[in-house]
Amino acid sequence: MDSPKLKDLASGSDFGFRNKLRALVVDDNSVIRLYMVSLLKDVDVETDEAEDGKAAVTHFLEGKTYDIILMDKDMPQMNGIQATRILREMGVKAKIVGVTAHSTDEEKREFLEAGIDDFLVKPITSPQLIELLKDVGTE
Amino acid sequence: MLGLGAARLEADMNRLMALLFHQFIWKEKMEKLAHPSTRWLMWDSAQGVLDEQFMQLQQLQDESSPNFVSEVISIYFRESEKLLKNVRSLLSALHLIRTFVANWRVMFLSHRADRECTDYRKIGIHLNQLMGSSSSVGAKRVRTVCLAFRAASEHRSWSGCLRSLEVLEHEYCYLKTKLHELFQMEQQRVMAAGARHHPLLS
């Protein structure tokens, strides 16, 4: 039996996205970025991408806004923890979800203290994404 | 077994070999004929090369992005090969340092320690990248080998890293071969479906 497509689940009235959501995917790995961007576009979320924390901060300095940021932890130039701290200091209120392939408890704590709202392990699955977007859509 | 003649034993062996060969061929045929998603489940349970994350990729492929899976896999191959090449270079460099410093022990010990630390850390970073992308495409066995490799690099075991790299390269090549076969089969299936629905043939 095939799993339901993400867009079929998201198009139901239970989700009720009032406006089109905007997401920013921040990851230095191009395969992961492509996968997450496709996952988000599949459920009709407008998506931008950034290859590291510095590029993510630049998006905001250019005046862009997002409802949700999927932030990788380990990146060159500026990692996810540094980028999250800077974004919160800039007053960014978007939901920031830390995403990582592996982390010690100490690293998770550091990421949470930097200002992320949630924490997920890669790869993100369709059900996890739906839950995240439901929370954002109803806020 | 006692008292059975050699000829009878040989005959039994030949029958067993024929049965195993038949089962192997049947399995190969079933894998080719089964529905794609079923085929992958069968393959996964038999060989564990891919996991259900690959099916997630397949579900993202539709009319608006008909080549999504092959695009993702192409990028995965390209990036993985760069990472493997970098890891191999770092291990070669570590081997040179060990050989060189063995001859100039006292003078370069501290330099060696710093350099080794940096190189093992870089290996760890490359492996994290490969693990992340392998997880995203469902390359379960490659990811598992990366985990063991990372443990060897954290322990700064050069011989452990070298062994892990050999296993990793073997698993990666195997995965690449199997995925190429899959894409070729899918292409043939699509072409055959197109031919069946050709107006001249219907």
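Residues numbered from 1 in each chain as written. Chains lettered and ligands numbered in written order. Predicted model: local features only at pLDDT ≥ 70, side-chain atom pairs only at ≥ 80, totals over all residues. Heavy atoms only, no water.

### A short note on the overall build of chain A
Here's step 1: Helix and strand content of chain A: six helices and five strands.
Here's step 2: Ordered by position from the N terminus, the helices and strands of chain A form the series α-β-α-β-α-β-α-β-α-β-α.
Here's step 3: Put simply, of all contacts in chain A between residues at least 6 apart along the chain, 66% involve residues at least 24 apart. (Helix = DSSP H or I, 4+ residues; strand = E, 2+ residues; numbered from the N terminus. Contact = heavy atoms within 4.5 Å.)

### Thoughts on the pattern of salt bridges
Residues and elements named next belong to chain A.
Here's step 1: Across all of its chains, the model carries 21 salt bridges over all chains by this definition.
Here's step 2: The partner of K122 in a salt bridge is D72, and the shortest N-O contact between them spans 3.1 Å. Of this pair, K122 sits in the loop between β5 (118-121) and α6 (126-138) while D72 sits in strand β3 (residues 68-72), placing them 50 residues apart in sequence. D72 shares its class with K122; the two are buried.
Here's step 3: Beyond isolated ion pairs, a larger network of salt bridges with shared partners links R22, E46 and D48. (Salt bridge = Lys/Arg side-chain N within 4 Å of Asp/Glu carboxyl O. Buried < 20%, exposed > 50% of the residue type's maximum accessible area, 1.4 Å probe, protein only.)

### Examining helix α2 (residues 30-42) of chain A
All names here are of chain A.
Here's step 1: Between the first and last C-alpha of α2 there are 18 Å, a value that for 13 residues agrees with the 18 Å anticipated at 1.5 Å per step.
Here's step 2: Taking burial as the measure, the 13 residues of α2 include ten buried ones, the bulk of the element.
Here's step 3: Buried within α2 are the following residues: V31, I32, R33, Y35, M36, V37, S38, L39, L40 and D42.
Here's step 4: Structurally, the start of α2 carries an N-cap: the backbone nitrogen of V31 is 3.0 Å from a side-chain oxygen of N29.
Here's step 5: The first or second residue beyond α2 is D44, which carries a positive phi of 65°. (Expected span 1.5 Å × (residues − 1). Polar contact = N/O pair within 3.5 Å; in protein donor to acceptor, adjacent residues only side chain to side chain.)

### Here we look at the nonpolar core
Here's step 1: In terms of nonpolar packing, the biggest core is built from 60 residues, with L70 of chain A together with L57, Y76, I123, F149 and L168 of chain B touching the most fellow members.
Here's step 2: Tallying contributions element by element places helix α4 (residues 68-103) of chain B first for this core, with 13 residues.
Here's step 3: Setting aside chain neighbours within four positions, we find Y76 of chain B in contact with V31 of chain A together with L130, S133, S134, V137, A139, V142, Y172 and L175 of chain B. (Core = buried A, V, L, I, M, F, W, Y, C linked by side-chain atoms within 4.5 Å.)

### Looking at the sheet that holds strand β4 (residues 95-100) of chain A
Residues and elements named next belong to chain A.
Here's step 1: Taken together, five strands build an open sheet; the order of strands is β2-β1-β3-β4-β5 and the sheet is parallel. Only two strands of the sheet have a single partner each, and these edge strands are β2 (46-50) and β5. Shown here is a sheet whose adjacent strand axes are inclined to one another by a mean of 20°, direction ignored.
Here's step 2: Relative to β4, β3 is paired through five bridges, and the arrangement is parallel. Within β4, the residue paired with I68 across the bridge is K95.
Here's step 3: Those strands touched by α2 are β1 (22-26), β2 and β3, and its axis lies near 165° from that of β2.
Here's step 4: Where helix α4 (residues 80-89) meets the sheet, its contacts fall on β3 and β4, and the angle it forms with β3 comes to roughly 150°. (Pairing = 2+ DSSP bridges. Axes fitted to C-alpha atoms, helices over the stretch in contact; angles between N-to-C directions.)

### Observations regarding the layout of surface pockets
Here's step 1: Approximately 780 Å³ is the volume found for the largest pocket.
Here's step 2: If you go around the largest pocket, you meet 32 residues; those closest to its centre are D74 of chain A together with G124, I125, H126 and N128 of chain B.
Here's step 3: Among the elements of the structure, α2 of chain A together with α4, α5 (105-137) and α6 (140-154) of chain B are those that each provide at least two residues to the lining of the largest pocket.
Here's step 4: For the lining of the largest pocket, the leading source of residues is α5 of chain B, giving ten residues.
Here's step 5: Looking at the lining of the largest pocket, its residues break down into eight nonpolar, 13 polar and eleven charged. (1 Å grid on protein atoms, 1.4 Å probe; cavity = no way out; pocket = protein on both sides within 12 Å on 5 of 7 lines; lining within 4 Å. Points joined across faces, edges and corners; volume = space filled by probe spheres on them. Nonpolar A, V, L, I, M, F, W, Y, C, P; charged D, E, K, R; others polar.)

### Brief notes about the UniProt feature "modified residue: 4-aspartylphosphate" (unreviewed entry) in chain A
Residues and elements named next belong to chain A.
Here's step 1: If you check UniProt for "modified residue: 4-aspartylphosphate" (unreviewed entry), the listed places come out as D72 in our numbering.
Here's step 2: Exposure remark for D72: the relative accessible area of 4% places this residue in the buried category.
Here's step 3: The contacts of D72, once residues within four sequence positions are left out, are V26, D27, D28, G80, V99, T100, F111 and K122. (UniProt positions renumbered as here; feature names shortened; annotations may be inferred.)

### Quick look at the packing of aromatic side chains
Here's step 1: This structure, assessed with the given rule, holds four aromatic pairs over all chains.
Here's step 2: Ring geometry for F60 of chain A against Y66 of chain A: centres 5.5 Å apart, planes inclined by 70°, an arrangement best described as edge-to-face. Of the two residues, F60 of chain A and Y66 of chain A, neither departs from the other in class, the shared state being buried.
Here's step 3: Among the aromatic residues, those joined into a cluster by ring pairs are Y76, F77 and Y172 of chain B. (Phe/Tyr/Trp six-rings, centres within 6.5 Å; stacked < 30°, edge-to-face > 60°.)

### A look at the environment of V99 of chain A
Residue and element names in this part refer to chain A.
Here's step 1: Relative to the elements of secondary structure, V99 occurs in strand β4.
Here's step 2: The spatial distance from the C-alpha of V99 to the C-alpha of D118 is 8.7 Å, given a sequence separation of 19 residues.
Here's step 3: Aside from chain neighbours lying at most four places away, what touches V99 is L70, M71, D72, K73, F111, L120, K122 and I124.

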